[in-house]
Amino acid sequence: MNQPLKLGVIGDPIAHSKSPIMHAAALRERGIAGDYSALHVKPDRLEDTIRTMREEGYRGLNVTIPHKEHVMQYLDELAEDARRIGAVNTIVNEAGRLIGRNTDGIGYVRSLKEEAAAELTGRRIVVLGAGGAARGIIYALAAEKPNRITLLNRTPERAQALAAEWSDLADIAALPSSRTAEALQDADLVINTTSVGMHPNMEDVPLDIELLKGTEIVSDLIYNPLETRLLRSARQKGCRVHGGLGMFVYQGAYAFEYWTGASAPVDAMRSAVLANMKL
Ligand code: NAP
């Protein structure tokens, strides 16, 4: 009989993580024996933790703040997306070889396509923010062959650097915030990847809502609250809206699929997270 799968998530802090609840539900739903634990790992214990993962035969780990970049040096191989994004959120142990992957971006795009925009090819996309989460989703969006991706960020140099780094992937341009109205004029899809509007600053919005005149879809990576003020206002203006919970669920779904080879029970995973958030 197969040994129960050893899985977990490493981060600092980690107590707030919904990943253990979500993956426990997935394992249960698929009838797979396994244990997914939350491991509180301080930065100075990261290398030892990865060694322990090998010694104790963990099949996989999720990696969260602040280890997504630093963990890369302790792995045997990086998938192309993780290497170019510069961050790993999922480790898969393939017979002792630790492979680093990034499922944040592809998780986001799978959620967006299933919940709000079946087709992204040819779309004009505006991304607000140029931080870690933006890197993952822009990389994955570029693979969908959009018409163009326009980046707007409080610190414009960061957006410019990202647009230059990935100019081979898609038509990506960075504009200063002073040109927000111009960027939004004919956008099909606006995505907030900044932390503006996140709990507890839930009344903040990352842009002037009035500028969303012709936008078809507005998406926000934030999932606490489940509907940000940006999304609420966009919905009232007639836009289709897409919240951040799906990204969280689908990044976990991809990880689960890599580890188990089984399709992820996304509805059960989402329900488990939602039930926990309501506690
Ligand atoms: P990060 O690397 O720290 O980047 C934060 C981004 O927000 C930067 O572009 C920053 O601009 C911008 N920003 C922060 N405060 C701002 C303000 N007051 N005004 C304007 N811009 C501001 O963080 P991250 O890891 O990318 O996370 C960003 C958001 O995505 C968070 O809300 C996080 O919860 C969410 N997220 C969701 C998921 C999910 O599964 N749904 C996964 C990952 C992240 P500067 O460059 O100018 O500092």
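Calculation rules
- Residues numbered from 1 in each chain as written.
- Predicted model: local features only at pLDDT ≥ 70, side-chain atom pairs only at ≥ 80, totals over all residues.
- Heavy atoms only, no water.
- UniProt positions renumbered as here; feature names shortened; annotations may be inferred.
- Helix = DSSP H or I, 4+ residues; strand = E, 2+ residues; numbered from the N terminus.
- Near = heavy atom within 4 Å.
- Polar contact = N/O pair within 3.5 Å; in protein donor to acceptor, adjacent residues only side chain to side chain.
- Areas by Shrake-Rupley, 256 points an atom, 1.4 Å probe, with all protein chains shown as cover.
- Buried < 20%, exposed > 50% of the residue type's maximum accessible area, 1.4 Å probe, protein only.
- Arc of directions from axis to C-beta.
- Contact = heavy atoms within 4.5 Å.
- Core = buried A, V, L, I, M, F, W, Y, C linked by side-chain atoms within 4.5 Å.
- Domains from an automatic or database assignment.
- Salt bridge = Lys/Arg side-chain N within 4 Å of Asp/Glu carboxyl O.
- Nonpolar A, V, L, I, M, F, W, Y, C, P; charged D, E, K, R; others polar.

- Looking at an unreviewed UniProt entry, the chain carries the name Shikimate dehydrogenase (NADP(+)), with the source organism given as Saccharibacillus endophyticus.
- Listed under Catalytic activity (unreviewed entry) in UniProt, the entry text for the chain is "shikimate + NADP(+) = 3-dehydroshikimate + NADPH + H(+)".
- You can read under Subunit (unreviewed entry) in the UniProt record for the chain the words "Homodimer."

**Describing the UniProt feature "domain: Quinate/shikimate 5-dehydrogenase/glutamyl-tRNA reductase" (unreviewed entry) in the chain**
(1) Moving on: Following the UniProt record, one finds the feature "domain: Quinate/shikimate 5-dehydrogenase/glutamyl-tRNA reductase" (unreviewed entry) at residues 114-195.
(2) Moving on: Note that residues 114-195 is 34% helix and 22% strand, and that its end C-alpha atoms are spaced 24 Å apart.

**Overview of the UniProt feature "domain: SDH C-terminal" (unreviewed entry) in the chain**
(1) Moving on: Mapped onto the present numbering, the UniProt feature "domain: SDH C-terminal" (unreviewed entry) falls on residues 244-274.
(2) Moving on: End-to-end, the C-alpha atoms of residues 244-274 are 12 Å apart, and along that stretch the chain is 81% helix and 0% strand.

**Describing the site of the ligand**
(1) Moving on: Taken together, 20 residues sit near the ligand, with Ala133, Asn153, Thr155, Arg158 and Leu221 positioned nearest.
(2) Moving on: One nitrogen or oxygen atom from the main chain of glycine 131 is found 3.5 Å from an oxygen atom belonging to the ligand.
(3) Moving on: At 3.4 Å from an oxygen atom of the ligand is found a main-chain nitrogen or oxygen belonging to phenylalanine 248.
(4) Moving on: When the free accessible area of the ligand is taken as 930 Å², the share hidden by the protein chains comes to 71%.
(5) Moving on: Elements that contribute at least two residues to the shell around the ligand include exactly helix H5 (132-142) and helix H9 (245-260).

**Considering helix H6 (residues 156-165)**
(1) Moving on: Every buried residue of H6 is accounted for by Ala159, Leu162 and Ala163. The buried residues of H6 occupy an angular sector of 100° when the element is viewed end-on, so they sit on one face. Those residues of H6 that are exposed and aimed more than 90 degrees away from the buried face are Glu157 and Ala164.
(2) Moving on: Buried residues in H6 make contact with H5, strand S8 (148-152) and strand S9 (172-175).

**Some remarks on the environment of isoleucine 106**
(1) Moving on: Within the secondary structure, isoleucine 106 sits in helix H4 (residues 104-115).
(2) Moving on: Considered as a pair, isoleucine 106 and glycine 136 are 30 residues apart in the sequence and their alpha carbons are 7.8 Å apart.
(3) Moving on: Beyond its immediate chain neighbours, meaning those up to four positions away, isoleucine 106 contacts Ala140, Tyr254 and Tyr258.

**What to know about the nonpolar core**
(1) Moving on: Core analysis: the biggest nonpolar cluster contains 31 residues, and Tyr108, Ile138, Leu141, Leu151 and Ile191 have the highest contact counts within it.
(2) Moving on: Mapped by element, the contributors of at least two residues to this core are H4, strand S7 (124-128), H5, S8, H6 and strand S10 (189-192).
(3) Moving on: Per element, the largest residue contribution to this core is 7 residues, and it comes from H5.
(4) Moving on: When residues are assigned to domains, this core turns out to be shared by domain 1 (5-102 + 246-277) and domain 2 (105-243), each giving three or more.

**Let's talk about the domain arrangement of the chain**
(1) Moving on: Segmentation of the chain into domains returns domain 1 (5-102 + 246-277) and domain 2 (105-243).
(2) Moving on: Across the boundary between the two partners, domain 1 contributes 17 residues, which contact 20 residues of domain 2.
(3) Moving on: The tally of links between domain 1 and domain 2 comes to 3 salt bridges.
(4) Moving on: Of the charged contacts, one joins glutamate 257 and arginine 110 as a salt bridge, the two residues approaching to 3.3 Å between their closest N and O atoms.
(5) Moving on: If you list the elements that add at least two residues to the side of domain 1 that touches domain 2, you get helix H3 (80-85), H9 and helix H10 (266-277).
(6) Moving on: The element that contributes the greatest number of residues to the side of domain 1 that touches domain 2 is H9, accounting for 9 residues.
(7) Moving on: Taken together, the residues that form the side of domain 1 that touches domain 2 break down as 9 nonpolar, 3 polar and 5 charged.

**Digging into the pattern of salt bridges**
(1) Moving on: The full count for this structure, using the stated rule, is 22 salt bridges.
(2) Moving on: Where aspartate 104 meets lysine 68, a salt bridge forms, and the shortest distance between an N and an O atom there is 2.8 Å. Of this pair, aspartate 104 sits in helix H4 while lysine 68 sits in the loop between strand S3 (60-63) and strand S4 (77-78), placing them 36 residues apart in sequence.
(3) Moving on: Accessibility expressed as a relative area gives 14% for aspartate 104, which makes it buried.
(4) Moving on: It is possible to trace a salt-bridge network through shared partners that takes in Arg45, Asp48 and Arg51.

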